[in-house]
Amino acid sequence: MYQQFYMGKEPTIKRESVDLSSIKTLRQLQSSLGQIFAWADSSSILFHSESQGSLDSLEAIGSAKEAIELRVAGRTSVQSPPGPRVLPVVGNHYELYPDPLGNYDRLFARLGPVIKTTNMGTTIYITNDAEISRHVLREGEFFTKTTSDPSHPLFYMREQTALFTCDSESPAFPLAHKFVPPALSPRAIAHYGPLIQDAARGVLNVFEEMSERALACNIYQYMFKLAGQLVFRVMVGKDLQHFQELNTPPTLAIRLFGEYLKLMKKTSLRPQWHGYLPFGEPARLRVVRNLLFSTIETEMDNATTKGAEPLPLNDPMSPIKAACVADFLARARDTDGQGLPRDILLGNTVVLLGAGFTTTSSLLSWAIYSLVKYPGNQQRLLQELVDHGADGERKWSHDELHAMKFMDCFVKETMRLHSPSFQTGRNAKTDVVLPGGYLIPKGSIVIPCFPTIHKNPAYWDNPTRFEPDRWLDPTVATTATRKGIYSPFAAGARGCVGFNLATMQVKMVLAELVYRYEFEDASTEPVIYDPEFLVVRPLNFYASPIRRTEWPSRSTATK
Ligand code: HEM
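The numbers attached to residues start from 1 for each chain and follow its sequence in the written order. A pLDDT threshold of at least 70 governs which residues receive local features in this predicted model, and a stricter bar of 80 or more applies before side-chain atom pairs are shown or counted, although totals over entire chains, interfaces and linings include all residues. Computation of side-chain values: all heavy atoms of the structure, hydrogens and water removed.

UniProt annotates the chain under Cofactor (unreviewed entry) with the comment "heme". UniProt positions are given in the numbering used here, feature names are shortened, and annotations may be inferred rather than shown by experiment.

Draft legend 1. Up close: empty space enclosed by the protein. Both cavities and pockets are sets of points on a 1 Å grid over the protein atoms alone; in a cavity a 1.4 Å probe fits but cannot get out, in a pocket the set is open with protein on both sides within 12 Å along at least five of seven lines, and lining residues sit with an atom within 4 Å of a point. Grid points are joined across faces, edges and corners, and a volume is the space filled by probe spheres set on the points. Within the structure shown, the criterion is met by 3 cavities of 30 Å³ or more. In this structure, the largest cavity occupies an estimated 910 Å³ of space. Together, 50 residues line the largest cavity, and Phe164, Ala355, Gly356, Thr359 and Cys496 are the ones closest to its centre. Numbering goes from the N terminus for both helices and strands, where a helix is a DSSP run of H or I of at least four residues and a strand is a run of E of at least two. Elements with a minimum of two residues in the lining of the largest cavity: helix H6 (172–183), helix H10 (219–236), helix H11 (252–268), helix H14 (342–373) and helix H20 (499–516). Per-element tally for the lining of the largest cavity: the top contributor is H14, with 10 residues. Residues are grouped as follows: Ala, Val, Leu, Ile, Met, Phe, Trp, Tyr, Cys and Pro are nonpolar; Asp, Glu, Lys and Arg are charged; every other residue, Gly included, is polar. Tallied by class, residues from the lining of the largest cavity come to 31 nonpolar, 15 polar and 4 charged. Around the second largest cavity, the lining comprises 23 residues; the ones closest to its centre are Tyr97, Asn119, Ile124, Ser268 and Leu269. A breakdown of the residues in the lining of the second largest cavity according to their chemical character gives 12 nonpolar, 9 polar and 2 charged.

Draft legend 2. Representation of the site of the ligand in the model. One heavy atom within 4 Å of a molecule or strand is enough for the residue carrying it to be called near that molecule or strand. The environment of the ligand is formed by 26 residues, the closest being Lys145, Phe164, Arg426, Arg494 and Cys496. With respect to the ligand, the side chain of lysine 145 contributes an N or O atom lying 2.9 Å from an oxygen atom. Here a polar contact is recorded for every N or O atom pair within 3.5 Å, except that within protein the pair must consist of a potential hydrogen donor and a potential acceptor, and residues adjacent in sequence are included only if both atoms are side-chain atoms. Phenylalanine 164 has a polar backbone atom sitting 2.7 Å from an oxygen atom of the ligand. If over half the atoms of a molecule are within 2 Å of the grid points of a cavity or pocket, the molecule is regarded as sitting in it. Using a 2 Å cut-off from the grid points, one finds that the ligand occupies the largest cavity. Secondary structure elements with two or more residues in the shell around the ligand: H6, H14 and H20. Top element by residues in the shell around the ligand is H14. It accounts for 6 residues. Partitioned by chemical class, the residues of the shell around the ligand number 15 nonpolar, 8 polar and 3 charged.

Draft legend 3. Summary view of the nonpolar core. Core analysis: the largest hydrophobic core is formed by 141 residues, its most contacted members being Phe207, Met235, Leu329 and Leu510. The greatest single-element share of this core, amounting to 15 residues, is contributed by H14. In contact with phenylalanine 207, not counting residues within four places along its chain, are Cys217, Tyr222, Met223, Leu513, Tyr517, Phe519 and Pro545. To form a nonpolar core, buried Ala, Val, Leu, Ile, Met, Phe, Trp, Tyr and Cys residues must be joined to one another through side-chain atoms within 4.5 Å. Throughout this description, buried means an accessible area under 20% of the type-specific maximum (1.4 Å probe, protein chains only), exposed means over 50%, and partly exposed covers the range between. Should any heavy atoms of two residues lie within 4.5 Å, those residues are counted as being in contact.

Draft legend 4. Representation of the UniProt feature "binding site: heme" (unreviewed entry) in the chain within the structure. With numbering matched to this structure, UniProt assigns "binding site: heme" (unreviewed entry) to Cys496. In this fold, cysteine 496 is placed in the loop between helix H19 (474–483) and H20.

Draft legend 5. How the structure looks around the layout of surface pockets. What the largest pocket holds in volume is close to 630 Å³. Around the largest pocket, the lining is made up of 28 residues, and of these Thr481, Tyr486, Pro488, Phe489 and Phe499 lie nearest the centre. Residue assignment for the lining of the largest pocket shows that the elements contributing at least two residues are helix H5 (130–137), helix H16 (398–402), helix H17 (405–417), H19 and H20. Looking at side-chain class alone, the lining of the largest pocket contains 13 nonpolar, 11 polar and 4 charged residues. Counted as a void, the second largest pocket has a volume near 400 Å³. Leu101, Leu417, His418, Lys455 and Tyr529 are the residues nearest the centre of the second largest pocket, which is lined by 18 residues in total. For the lining of the second largest pocket, the leading source of residues is helix H4 (residues 100–111), giving 3 residues. Split by residue class, the lining of the second largest pocket holds 10 nonpolar, 5 polar and 3 charged.

Draft legend 6. Looking closely at the pattern of salt bridges. When a carboxyl oxygen of Asp or Glu lies within 4 Å of a side-chain nitrogen of Lys or Arg, that pair is called a salt bridge. Applying the stated criterion across every chain yields a total of 31 salt bridges. In this structure, the salt-bridge partner of aspartate 99 is arginine 106, at a minimum N-O distance of 3.2 Å. On the accessibility criterion, aspartate 99 (27% relative accessible area) is partly exposed. Here the salt bridges share partners, and the residues they tie into one network are Glu413, Arg416, Arg465, Glu467 and Arg470.

Draft legend 7. How the structure looks around H4. Any helix carries an expected span of 1.5 Å times its number of residues minus one. Relative to the 16 Å expected for 12 residues at 1.5 Å per residue, H4 spans 15 Å between its end C-alpha atoms, a close match to the ideal helical length. Looking at H4, one finds that the buried residues are Pro100, Leu101, Gly102, Asn103, Tyr104, Leu107 and Phe108. Close packing links the buried residues of H4 with helix H3 (93–96), strand E7 (114–119), strand E8 (122–127) and helix H18 (450–453). One or two positions beyond H4, positive phi appears at glycine 112, with a value near 110°.

Draft legend 8. Local environment of the packing of aromatic side chains. Put simply, two rings from Phe, Tyr or Trp (the six-membered ring, in Trp's case) pair if the centres are within 6.5 Å, and we call them stacked under 30 degrees between planes, edge-to-face over 60, tilted for the rest. Here the structure, examined in full by the defined rule, presents 19 aromatic pairs. With a centroid separation of 5.7 Å and 40° between ring planes, the pair formed by tyrosine 220 and phenylalanine 224 is classed as tilted. Here the residue tyrosine 220 and the residue phenylalanine 224 both occupy positions in helix H10, the gap between them amounting to 4 residues, near one helical turn. Exposure remark for tyrosine 220: the relative accessible area of 4% places this residue in the buried category. Pairing tryptophan 471 with tyrosine 486 gives two aromatic rings, centres 4.5 Å apart and planes at 50°, and the pair type is tilted. One end of the pair, tryptophan 471, is in the loop between H18 and H19; the other, tyrosine 486, is in the loop between H19 and H20, and 15 residues separate them in sequence. For tryptophan 471, a relative accessible area of 4% translates into the label buried. Within the aromatic cluster, the residues linked to one another by ring pairs are Trp366, Tyr369, Tyr374, Phe406, Phe410, Phe466 and Phe541.

Written out as C-alpha cells, the structure is:
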C-alpha cells in the first residue's frame, strides 16, 4: 500500500511515494521518512492533510486520499531559513558588520533561530539553537567539516595535512586524530605542569614594573605574548622570553601567526575572487603562510630528541616520556610501527601552536576582563588560592589547580559569557531538514553561534549576568554540554583536542597573577571586540596590575 508524502512549498517542494505495508508504528514511519527526506530529527515529523488537518495515527495516514505533508511542531511547513534583505554585491555585509555578534543577536530576535546571511557573495546559515547546534556538530549522515569549500570560514587556511584546517574526509584526518589527542591527554598535560608554571611566571617581571610605575597596559597585547610563550613551551619546548622588558616584541613565529590569522579572516570576508589576487593581502597571505611553515619546521626539528627511543602510541605513559608535544608526535609509533609522515607532523605542529595560542590569548584576556568588570570575583579567587596554600612560591600541580572549585566555576563562566570561538562551520552533506523545519540546501555552511547560544534566555537564567556560582553543581556543566547549550570547545569528532591544556594554562596563569596582583580596570571607553579576527578578542581593554601587599588569612573551614 503506497502513500504520497511531500514537504516544503514550491519551488523547493520534494515528493516521495512510500510503501506502508511493512510499517507497524508511527515512529517507524517517521524514521523511514526521516531517512528519505533527510530530517536530522525524524521524531519531530508531524503529518498533515489539506482536507483532514493533522493526522496522528498510521490508520489515518494510510487511509488519506491525498498526498500528506510532513510538518513540524507548531504544525508549520518545512521552510528555508529567513534572512535580511540581500543587497547587490555586498549582500548583508552592512547589516552584519562591524558588529556581527550583536547583529546576529538582533537578527535572531527578529527572524528566529536559523538565519541565512550573505556576505560578499558567500552564504552562511547561523543558528542560536542548541539542538540544531548538536545536529550540526555531529559528523555523520548530514554534516561534515569541509574547509576546502570556498564558502567555509577556514577556506584560506585549508591545510589538508592538519587537524582544525583539514576536511574530515581528508586522509590525514584519521591519522592525525589517532596521534594528536594522546599528546594532549590529562596525564600528558599534568606532566607539562612545571613547564606551564615556569612559562606563566615569565610575565611577572613586567607586571612588577608596571605596578611600580603605576602603568596600565592593553591586556590582549600581553596575553598574546604570554599565551605564545605558554604554548611554545609545551609544544616545542622553547622559552620565547617574551618579557625581557616591558615592550619586548613577540618572536617572529608569533608575529607571523598573528598576521596569518588576521589576513586569513580578512580575506574570507571579501568576495571570493579577491582571494586569488596576485597582489595585496591575498598575496601576502601566501607569503606569510610559507614563512610561517618554514619557521615552525625549524622549531619542530629542534624540539625532537635526537636518537631517542620510539614511543608506543597505545602506552598511556608514553606522553610523559617526551620532552614536549612535538617530541612525542615525532617519536610516537602505532601498533604497526608507523609514525606520522613528515608533512602531517609539520602541519599539526603549526596548527597546535596556532590554534593553541590564539584561543588562549583571548581566553586569558577575557578572564582578566571578568576579574575587573564583575566585582567580587578577584577577592573570591584570592581567598580560594590562599585556602589552597598559595604563598607565591608554591608549585601547582594539575590536580591542585583543578581542585579549586571557584576557579573552575570562574573559568567556565568566563567561557560562557566571553566565548573566544564563534565560527565553527560545518557543511551540509545533503539537503537536510533541521529541527524547527528549516531546510538547509546541500553544500551550505551552518555555524552554531556559541556566544549567542551561551546567552540564549531559553536556556540560561539571567543569561547576561556573570554568575560563576551557576556552575557549582558539577552536573550543570555535564548537562549543559550534553544539551549543546555550552560548547566553548565545540563538540563532536571535530571538537577541540586542546581543552585540557587550555584550562590548565588559564588556571595556572590566574593562580600566579591573582595571588600577586590586584587588577584594576583602566579602560577609558566601552570595550569592543575585533570583528576581523578568527576568535573573539578584546581590542581596547586596559588594566593595571597592582602588587598586593596584604593577603586574607585562611578561611576557618580550611585551617
Ligand atoms: C581557550 C582555548 C581554546 C578554545 C576556546 C578552543 C576552541 C576550539 C574550537 C571551538 C574548536 C573547533 C573548531 C572548528 O570546528 O572549526 C577547536 C578545535 C581544535 N582545537 Fe581548540 N580551543 C582552545 C585551545 C586549544 C589549545 C590550547 C589547543 C592545542 C594546543 C587546541 C587545539 C585544537 C585543535 C587541534 C582543533 C581541531 C580539532 C579537529 O579538527 O579535529 N585548542 N578548538
